[in-house]
Amino acid sequence: MKIASSKIENVVLPDAIKLSEAIKTKDSIHGNGDDHLFVHLVQSKDTEERIKNTEEFSAEENWKGTVLPIKKRKRSSYLEKNSEWLEMNLNESVRSLAINIIRNGSCPDLKTVKIEGLQYIFTNTCGFDAIVHLIACNWCDYPNMSNIFKFQETRLGKLIEMCFKTINTKLYKLRAELLLDLFKKTVTQYSHNLIQIDTQSTIEYLIRSLCQMGELQYSLTEKRFCNQCNRVKLLTSPDIPVAPHLNLNIVKELHDVSQTRKCTNTDCDNYLQCTYEYNENYLFFEIGSNCPHKLSTIKRSVWINGQKYLLGGIITYSGSTASFNEKMLGHFKTYAFRLHGRWEIYDDLLKEKETCMDSESVCIEAIIYVKHNQ
């Protein structure tokens, strides 16, 4: 068997020459004894880099051996408007901590909580859970909020801190201890060791009770002074009542009210001089409006006595409009306005958080504003 002699030449291909045109043979490759010319292709560096940048070079191969093209984004996605970017504050640093949702005590899959040998069932915990979720989001976004609760070492602070970890029986037991102190009068005992506690209430009652227990700080302190009687009276308020129009011009509204307040002494008809001190860390505003408001209408910040407060979120209510004394049944949710400019919904009847746009309308029960550290 004869082996054909071959001549090998190196040819540098220009970019315009096709591979099929570059291969030349002197005779048929199956010929007998004839010399053959094989052209060895030498690619220039520019050609190599251009080939590497092609889709064929970077495409992936599936298990069948066929080439899959690179997936491209739809061209329309580049042209769509994203309103969330308008609310982003690029100067703020955001800590991305995952906030776990505390489940409502009415969920059938939750077990009873054992406290001092007794089994407890807590129902309708959405109001309390909404407050916890709202503060947890602000704890994550604003360092001063987390420092407050860590410094005070309250049970509510420990409960909120546990929301960033795995939800377990310790968390639900701590919640049960707080709810037991809040709702001792609503106990229903079914047997010698099974007790149900209905925690249905208003947000205003929960915030006020938590302030009285030392778990939260009062939002407002009012000082009333009578020049004629020389009487001084201090009043604390867990939240600040606001008209449903959401004007939030708090200083002017409180000033207008104070101008019409008279001394309560029977022998005095003098008007009182009222001064107000606002919590320097966070403020709760009580709305309690049954009229829906668009999220876009809520002010992103308020200025009070030279201090700027940023919107931390709201607590919404949906359900019956009956009074609390008529055993209303409704549901509270947390709409947290995060530093990255998006709304996040925390619902204790669900297992995962949700998001929404500014165009959504809700009935606002309370708003929280947090001190802005400049």
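Residues numbered from 1 in each chain as written. Predicted model: local features only at pLDDT ≥ 70, side-chain atom pairs only at ≥ 80, totals over all residues. Heavy atoms only, no water.

### Regarding the side chain of R103
Thought 1: Within the secondary structure, R103 sits in the loop between α4 (76-79) and β5 (113-115).
Thought 2: According to the relative accessible area criterion, R103 is buried, its value standing at 13%.
Thought 3: Apart from the residues within four sequence positions on either side, R103 is in contact with D109, L110, T125, D129, Y172, R175, D348, L349, L350 and K351. (Helix = DSSP H or I, 4+ residues; strand = E, 2+ residues; numbered from the N terminus. Buried < 20%, exposed > 50% of the residue type's maximum accessible area, 1.4 Å probe, protein only. Contact = heavy atoms within 4.5 Å.)

### A short note on the sheet that holds strand β7 (residues 187-189)
Thought 1: The strand order across the open sheet formed by 4 strands is β5-β6-β8-β7, and the pairing between neighbours is mixed. The open sheet has two free edges, formed respectively by β5 and β7, since each of these has just one partner strand. Neighbouring strand axes in the sheet, compared pairwise and without regard to direction, differ in orientation by 35° on average.
Thought 2: Inspection of the sheet shows β5 paired to strand β6 (residues 118-123) by 3 bridges, in the antiparallel sense. Following the sheet pairing, I115 is matched in β6 by L118.
Thought 3: Sheet contacts for helix α8 (residues 169-182): β5, β6 and β8 (194-198); angle to β5, the most-contacted strand, approximately 60°. (Pairing = 2+ DSSP bridges. Axes fitted to C-alpha atoms, helices over the stretch in contact; angles between N-to-C directions.)

### Quick notes on the layout of surface pockets
Thought 1: Taken as a whole, the largest pocket spans an internal volume of roughly 530 Å³.
Thought 2: Taken together, 23 residues make up the lining of the largest pocket; nearest its centre are L110, K111, V113, T169 and Y172.
Thought 3: Listing elements by their share of the lining of the largest pocket, those giving two or more residues are β5, β6 and α8.
Thought 4: With 5 residues, α8 is the single largest residue contributor to the lining of the largest pocket.
Thought 5: Partitioning the lining of the largest pocket into residue classes produces 11 nonpolar, 5 polar and 7 charged. (1 Å grid on protein atoms, 1.4 Å probe; cavity = no way out; pocket = protein on both sides within 12 Å on 5 of 7 lines; lining within 4 Å. Points joined across faces, edges and corners; volume = space filled by probe spheres on them. Nonpolar A, V, L, I, M, F, W, Y, C, P; charged D, E, K, R; others polar.)

### Thoughts on the nonpolar core
Thought 1: Judged by nonpolar contacts, the single largest core of 56 residues is most densely connected at F128, L156 and L216.
Thought 2: When residues in this core are grouped by element, the largest group, 11 residues, is from helix α5 (residues 126-141).
Thought 3: In terms of nonpolar packing, the next biggest core, distinct from the first, is built from 29 residues, L272, I287, F337 and C356 among them. (Core = buried A, V, L, I, M, F, W, Y, C linked by side-chain atoms within 4.5 Å.)

### A few points about α5
Since the α-helix turns once every 3.6 residues, residues separated by three or four places project in the same direction.
Thought 1: For α5, with 16 residues, the first-to-last C-alpha span of 23 Å sits near the 22 Å given by 1.5 Å per residue.
Thought 2: The buried count for α5 comes to 16 of 16 residues, which makes it a mostly enclosed element. (Expected span 1.5 Å × (residues − 1).)

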